[in-house]
Amino acid sequence: MDARGPSMAEVLHLTVSIARTPADVYAFASDPRNLPLWAEGLARSEVRQQGDAWVVEGPVGRVTVRFAAPNDLGVMDHDVELPSGVIVHNPMRVLPNGEGSELVFSLFRQPGMSDEQFVADRCAVEKDLDQLKVLLEGNPALPIRDSTTG
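Caption draft 1: Seen up close, the environment of P59. Tracing the sequence through the fold places P59 in the loop between β3 (53-58) and β4 (61-67). The exposure class assigned to P59 is partly exposed, which follows from its relative accessible area of 42%. P59 has contacts with E40, G41, L42 and R44, leaving out every residue within four places of it along the chain.

Caption draft 2: Examining helix α3 (residues 115-138) more closely. Across its 24 residues, α3 extends 34 Å between first and last C-alpha, which sits within 8% of the 34 Å expected from 1.5 Å per residue. Residues F118, V125, D128, L129, L132, L135 and L136 constitute the buried set of α3. Where α3 is buried, its residues touch β1 (11-18), α1 (22-29), α2 (35-38) and β8 (100-108).

Caption draft 3: Layout of α1. Every buried residue belonging to α1 is among V25, Y26, A27, F28 and A29, and all of these are buried. Contact partners of the buried residues in α1: β1, α2, β4, β7 (92-97), β8 and α3.

Caption draft 4: The arrangement of the sheet that holds β7 in detail. With antiparallel pairing, 3 strands are arranged side by side in an open sheet as β1-β8-β7. At either margin of the open sheet sits one strand with a lone partner, and together these are β1 and β7. The average undirected angle you get between the axes of adjacent strands in this sheet is 25 degrees. In this structure, β7 lies alongside β8, joined through 6 bridges in antiparallel fashion. The partner of N97 across the bridge, within β8, is G100. Against the sheet, α1 contacts β1, β7 and β8, and its axis sits at roughly 160 degrees relative to β7. Packed on one face of the sheet, α3 meets β1 and β8 and runs near 15 degrees to β1.

Cut-offs and rules
Residues numbered from 1 in each chain as written. Predicted model: local features only at pLDDT ≥ 70, side-chain atom pairs only at ≥ 80, totals over all residues. Heavy atoms only, no water. Helix = DSSP H or I, 4+ residues; strand = E, 2+ residues; numbered from the N terminus. Buried < 20%, exposed > 50% of the residue type's maximum accessible area, 1.4 Å probe, protein only. Contact = heavy atoms within 4.5 Å. Expected span 1.5 Å × (residues − 1). Pairing = 2+ DSSP bridges. Axes fitted to C-alpha atoms, helices over the stretch in contact; angles between N-to-C directions.

Structure follows, in structure tokens:
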């Protein structure tokens, strides 16, 4: 038994610093319509709204994504329902860091996931976070729409 105990998953907290305000990062990253612009590891097609969820084609097939309700705390947790029906909970936060932001994504190792699969998952998330940074920092005039109003 390791230090996490018998029923706890391995977790990595992946972070990226972004030279944009937390409000800008939150507004852009929490809007599911923007996922194809930065989250290739999740969304490789246009995102369609279906009730309170969003449907997209990704690397593992068609997935359904449900984000936490809009909030002022920077919480962007989202559940991803895989084609198998398995639901993966993804905690994500944007935190103030001086005049910019720190984005934190908690990556949990899924049951039965090999070391190689976990490394590949980590690399995909890091690539997505880096793309978000490049996109937001490289486009200071990028229109940030309020995901609650469209």
